[in-house]
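Each chain, written out:
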Amino acid sequence: MVFAAPNDALARAEGVLDADPTPLHASVAHQVIGIWQRDWGDMRIALYHLRRARDLAARAESADREADVLAALGVALVHAGRTQQGLAALERGVARGSGHTRARVLFRRAYARWVLGHHREALEDVRKAIPVLRQMEDVIWTARALTLRATVHLAVGAVDRADADFTAAEALWDTTGQEHDKADAVESRGLAAFRAGDIPAALRLLDEAEERYAKLGTPTFMLNIRRCEVLMAAGLAREALTEADAAIAVLDGIGGQSTRKAELLLAAARAARLAGEAHTAIARADMAVRLFAGQRRGWWETHARLVLIEARVAAGRSSGRLVADTAAVAERLASFGAPAAPEASLLAGRIALGLGWRADAEQHLAVAARSRRSGPPLARMTGWAAQALRAQAAGSGRGVLEACRRGLDVLDAHRMTLGASELRARATEQGAELAALAQQASLDSGSPRRLLVWSERWRATALSTPPTRPPADPELQSNLTAFREIAARAEAARMEARPVPALEREQRRLEREIRSRTLHMRGDTPGDGHRFDPGRLLERLGDDVRLVELAVMDGRVQVLLCGQGRVRRYEAGLLADAEREAEHVQAGLRRLAHPGAEGRLPVVEAAGRRLEELLLGPAAAHLGDGPVVVVPPARLHRVPWALLPSLRERVLSVSPSASSWLRARETEPPPAGRHVLVRGPGLATGGAEVPHLAGRYGGSVVLEYADARVPRVLEELDGAELAHIAAHGTFRADSPLFSDLRMADGPLIVHDFERLDRSPYRIILSCCDTARFASVGADELLGLVTALLPLGTAGVVASSAPVNDAAVVPLMLALHKGLSQGLSLAEALRDARAALPGDALHQATGWAFSAFGAA
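First things first, this report covers the structure right here in the doc. The model shown is predicted, which means the values in this text are computed figures rather than measured ones. (Residues numbered from 1 in each chain as written. Predicted model: local features only at pLDDT ≥ 70, side-chain atom pairs only at ≥ 80, totals over all residues. Heavy atoms only, no water.)

A look at the overall build of the chain
Alright, step 1. On a plain count of helices and strands, the chain comes out with 37 helices and 16 strands.
Alright, step 2. Relative to the globule expectation of 29 Å for 855 residues, the C-alpha radius of gyration of the chain, 31 Å, shows essentially globular dimensions.
Alright, step 3. Each principal axis of the C-alpha distribution contributes one length, and for the chain these read about 100 × 65 × 45 Å.
Alright, step 4. Burial analysis of the chain (855 residues in total) assigns 58% to the buried set. (Helix = DSSP H or I, 4+ residues; strand = E, 2+ residues; numbered from the N terminus. Rg over C-alpha atoms; globule rule 2.2 N^0.38 Å. Buried < 20%, exposed > 50% of the residue type's maximum accessible area, 1.4 Å probe, protein only.)

Dropping the structure here:
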């Protein structure tokens, strides 16, 4: 019962002890309480009850009863970090048991050996146990043994064997009422999906397992560890760190298993390193190493040592001793058959290269490079990264580019299995090193065109194809509706100065639910093999248009100026200086959005001149007289480009990548030509431009007041030629896909837009901060505008800074006047800026808005 209905089993066992049982029955009851405490409670209490159970079994003179208790006690001692005592108890259990009982004891010794990382011995024990359990028609224990064998297979990289065992175990579990075991099987399938490279399926299965455990009321420390691993692979390292630390706190609070604490510390160390918190990673990894060593868990200790070395390297440490330590870890991991061995060899080679030890580096990198031919995607990428570093050390630019191309192709294929745009964006971080190596090789080759190709190869890739449409999921739709209602109630309460903690808690819960369900989506868009063609770009640009792509190499901005049939390279300033200047400009624009700040205008204009020097450098003198398209890196997304003197009076548009601009340029408008005007609540001007625009566009759809509700707005936006939305916008840096536009019934969020079959061909967002993004992954942006571009929108006008509502109205009216005359968004926005009054308030408003795309 203890793994079918744990809490009921605990209550029944306590009831047996209250009824003056025989030694045999008392032994069973104490064992059940001990198992419950071992797996979900306090280890000290668990050991007390299991020792009592052992002593009572001896008094009952039942060898099989004693063997069974010794097995449970042995596992508990191993989990408590008393490895030698635990293995000794298991040995005695094997010796005391016979037949069926001995097979069950062998299974538990196999489990203990798996916990310790003794995989070969674990497989040997379970191989002996399964035939006996099958012969006795012991369905539950056979299913447990198959699940364990599958888990051990996964640990040594035998994914196909694991899958076969999981399938067989699941068929057996379906015939039983073992609810906790069933939840464990679902969790194990999630781990198998992850090992096979299917992150959405892994997240879905782990969430399903958590729901099952929640119904049983049992803690889920192993599940926490596995979900941390999946979250890290998905690029969500900070979330993994939060989850691991929270689980450690719970475990410490109940006096839980020492073994699980060590594993959670290892997960936290990995997550902290990936999140850029090197010193946190060092502290967690060091504690994990000491715990694993004390528990005599060599396999785990070696993995923890690898993370400790990675964290020290990330903190800037480098020495010959570190090379030797890393090489020793790689050798030991290889002896275990651990999939992480190539990663350790790559690290040893990288450290040796940094020290100038070419021969040592080649030796380690050659070992790591072997993994490029087979295995899961991230292991193959490790191999290609090692091969690229070997080629770089040998001075072969061609070899570097070939290895980088092959490695990024692997990651491309992996990304396309991810349905959620957030996961696709974050996954690119894993290719950042390959992209940087290729860019450096291209720069060294002296070919600006080649550098452009590689700058494009790993820029804004999350926007290269539309995200997978959310499924017709009633629960997801229900959560979105509930989220809108709660958010609207919370906003109303804030405006009335009423307390909102309960509403905010519910809003956060619904956000987690919505995000969780969208992360489960598997990609349904295969990679089309498209490669960026600079010739096609130059042909589209013609002689008049210039495209300025900014690449960053070693912290310095490289300007790639495309036009007139060629690509030229110029060197500009330091990225860090440009970022600081952009923040100063943003602060100035915020001040200028309020009347009475005219004295700040010269300061902002001077900052614009400095930004031009830092970002365009000598290229500013070669822009010609025609339109300009700026393609900035993700970290410069907050620059108001119209403020730069050489761009101020131009037809200017911004694009996340040259490829994205090409797609927008070649996107055809919908044939229907529907115009949709939306006016949300709470604007200082009441969205005063909308009635004027309704008169300009006869027959347009106007949604305002109670009609401006999210379902109706989405229905009308789908496939429209032009949409103008006057509504308050909120950017969420913590969760950019929950950035929103406020409608009558609550927020319209990015997840809503992703449900459109085709977003409007042109969309104008006349509200604050709608062009703000979060920079994630290698060079990706998440936000409202970037969600629209892959969904069929060819052009967007939006603001990257707070603006004055009243000053926006004349800008919008002038903008639409240009559009109705047949101008593009960029042309109409330039003319609209020129038509504004010359005071500081209106000038700042014009600079805050940018045209994105090419419509």
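Notes on the packing of helix H14 (residues 258-274) against helix H15 (residues 278-294)
Alright, step 1. For the pair H14 and H15, interaxial distance at closest approach is 8 Å and the crossing angle is 155°. Between H14 and H15, the angle is such that the two are roughly antiparallel. For the crossing formed where H14 meets H15, the hand is left-handed. Only Ala-278, Thr-280, Ala-281, Arg-284, Ala-285, Met-287, Ala-288, Leu-291 and Phe-292 of H15 make contact with H14, whose side of the interface consists of Ser-258, Lys-261, Ala-262, Glu-263, Leu-265, Leu-266, Ala-268, Ala-269, Ala-272 and Arg-273.
Alright, step 2. Residues that form the contact of H14 with H15 fall into these classes: 13 nonpolar, two polar and four charged. (Axes fitted to C-alpha atoms, helices over the stretch in contact; angles between N-to-C directions. Parallel < 35°, antiparallel > 145°, perpendicular 65-115°, else oblique. Left-handed = near helix turned anticlockwise from the far one by under 90°. Contact = heavy atoms within 4.5 Å. Nonpolar A, V, L, I, M, F, W, Y, C, P; charged D, E, K, R; others polar.)

Observations regarding the pairing of strand E16 (residues 849-853)
Alright, step 1. Of all the five residues making up E16, five are buried; the element is thus mostly covered by neighbouring parts of the structure.
Alright, step 2. Summarising the sheet, strand E15 (residues 795-799) and E16 pair through five bridges and their orientation is antiparallel. Residue pairing in the sheet places Ser-799 in a bridge with Phe-849 of E16. (Pairing = 2+ DSSP bridges.)

Description of the pairing of strand E4 (residues 628-631)
A regular strand places its side chains on the two faces of the sheet in alternate fashion.
Alright, step 1. Burial along E4 is two-sided: the residues Val-628 and Val-630 and Val-629 and Val-631 are all buried.
Alright, step 2. Note that strand E1 (residues 546-553) and E4 share four bridges and pair parallel. Counted as the bridge partner of Val-548 is Val-630 from E4.
Alright, step 3. Relative to strand E5 (residues 652-654), E4 runs parallel, the two being bridged by three bridges. Directly across from Val-629, in E5, lies its bridge partner Ser-653.

Here we look at the sheet that holds strand E9 (residues 729-730)
Alright, step 1. The antiparallel open sheet is built from three strands, whose spatial order is E9-E10-E11. Each end of this open sheet is capped by a strand with a single partner; those strands are E9 and strand E11 (746-749).
Alright, step 2. Sheet topology places strand E10 (residues 740-743) next to E11; four bridges connect them, and they run antiparallel. Directly across from Arg-742, in E11, lies its bridge partner Pro-747.
Alright, step 3. Along the sheet, helix H25 (residues 474-495) makes contact with E10 and E11, crossing E11 at roughly 130°.
Alright, step 4. On the sheet, helix H32 (residues 710-717) packs against E10 and E11 and is oriented at approximately 30° with respect to E11.

Describing the side chain of Glu-581
Alright, step 1. Topologically, Glu-581 is positioned in helix H28 (residues 575-592).
Alright, step 2. Side chain to side chain, Glu-581 and Arg-610 meet in a polar contact 3.0 Å long.
Alright, step 3. In this structure, Glu-581 is in contact with Ala-607, Arg-610, Leu-611 and Leu-614, ignoring residues within four places of it in sequence. (Polar contact = N/O pair within 3.5 Å; in protein donor to acceptor, adjacent residues only side chain to side chain.)

Some words on the pattern of salt bridges
Alright, step 1. Using the criterion set out here, one finds 48 salt bridges in the structure.
Alright, step 2. Arg-212 is paired through a salt bridge with Glu-208; the nearest N and O atoms lie 3.3 Å apart. Of this pair, Arg-212 and Glu-208 are both found in helix H11 (residues 199-216), four residues apart, which corresponds to roughly one turn of the helix.
Alright, step 3. For the salt bridge of Arg-556 with Glu-571, the shortest nitrogen-to-oxygen distance reads 4.0 Å. Linking Arg-556 in strand E2 (residues 556-563) with Glu-571 in strand E3 (residues 566-574), this pair joins segments that are 15 residues apart in sequence.
Alright, step 4. Taken together, the salt bridges that share partners define one network made up of Glu-402, Arg-405, Arg-406, Asp-409 and Arg-457. (Salt bridge = Lys/Arg side-chain N within 4 Å of Asp/Glu carboxyl O.)

Re the nonpolar core
Alright, step 1. Judged by nonpolar contacts, the single largest core of 125 residues is most densely connected at Leu-333 and Cys-404.
Alright, step 2. Not counting residues within four places of it along the chain, the set of residues in contact with Leu-333 comprises Thr-302, His-303, Leu-306, Ala-338, Ala-340, Ala-341 and Ala-344.
Alright, step 3. Val-585, Ala-642, Val-676 and Met-743 belong to the second-largest nonpolar core, a separate cluster that totals 95 residues. (Core = buried A, V, L, I, M, F, W, Y, C linked by side-chain atoms within 4.5 Å.)

Focus: helix H5 (residues 83-96)
It helps to recall that an α-helix has 3.6 residues per turn; residues three or four apart then point in one direction.
Alright, step 1. The first and last C-alpha atoms of H5 sit 20 Å apart over 14 residues, in line with the 20 Å expected at 1.5 Å per residue.
Alright, step 2. Among the residues of H5, those classed as buried are Thr-83, Gly-86, Ala-89, Leu-90, Gly-93 and Val-94. Buried residues of H5, seen end-on, are gathered within an arc of 140° and therefore sit on one face of the element. When the buried face of H5 is taken as reference, the exposed residues oriented beyond 90 degrees from it are Gln-84 and Ala-95.
Alright, step 3. Along its buried surface, H5 packs onto helix H4 (63-79) and helix H6 (99-116). (Expected span 1.5 Å × (residues − 1). Arc of directions from axis to C-beta.)

Things to note about the packing of aromatic side chains
Alright, step 1. Going through the model one piece at a time under the given rule, you end up with six aromatic pairs.
Alright, step 2. Ring geometry for Phe-292 against Trp-300: centres 5.7 Å apart, planes inclined by 20°, an arrangement best described as stacked.
Alright, step 3. Under the relative-accessibility criterion, Trp-300 is labelled buried at 12%.
Alright, step 4. A centroid spacing of 5.1 Å and a plane angle of 80° characterise the contact between Trp-299 and Trp-300, whose relative ring orientation is edge-to-face. For the pair Trp-299 and Trp-300, one class covers both residues: buried.
Alright, step 5. An aromatic cluster is built from Phe-3, Trp-36 and Trp-40, whose rings are joined through pairwise contacts.
Alright, step 6. In this arrangement the basic side chain of Arg-372 is found over the ring face of Trp-384, its NZ or CZ atom lying 5.3 Å from the centre. (Phe/Tyr/Trp six-rings, centres within 6.5 Å; stacked < 30°, edge-to-face > 60°. Lys NZ or Arg CZ within 6 Å of the ring centre and 35° of its normal.)

A few points about unusual backbone geometry
Alright, step 1. Positioned with a positive phi, Glu-61 is a non-glycine residue whose angle comes to about 55°.
Alright, step 2. Of note, Glu-61 is situated in the loop between helix H3 (43-60) and H4.
Alright, step 3. We classify Glu-61 as exposed; its relative accessible area is 72%.

Examining the environment of His-675
Alright, step 1. Assignment of secondary structure puts His-675 in strand E6 (residues 675-679).
Alright, step 2. His-675 gets classed as buried once you look at its relative accessible area, which sits at 19%.
Alright, step 3. Counting along the chain gives 47 residues from His-675 to Leu-722, while the straight-line C-alpha distance between them is 4.9 Å.
Alright, step 4. When near neighbours in sequence (up to four residues on either side) are disregarded, His-675 contacts Tyr-697, Ser-700, Val-701, Glu-721 and Leu-722.
Alright, step 5. Separated by 3.0 Å, the side chain of His-675 and the backbone oxygen of Gly-673 make a polar contact.

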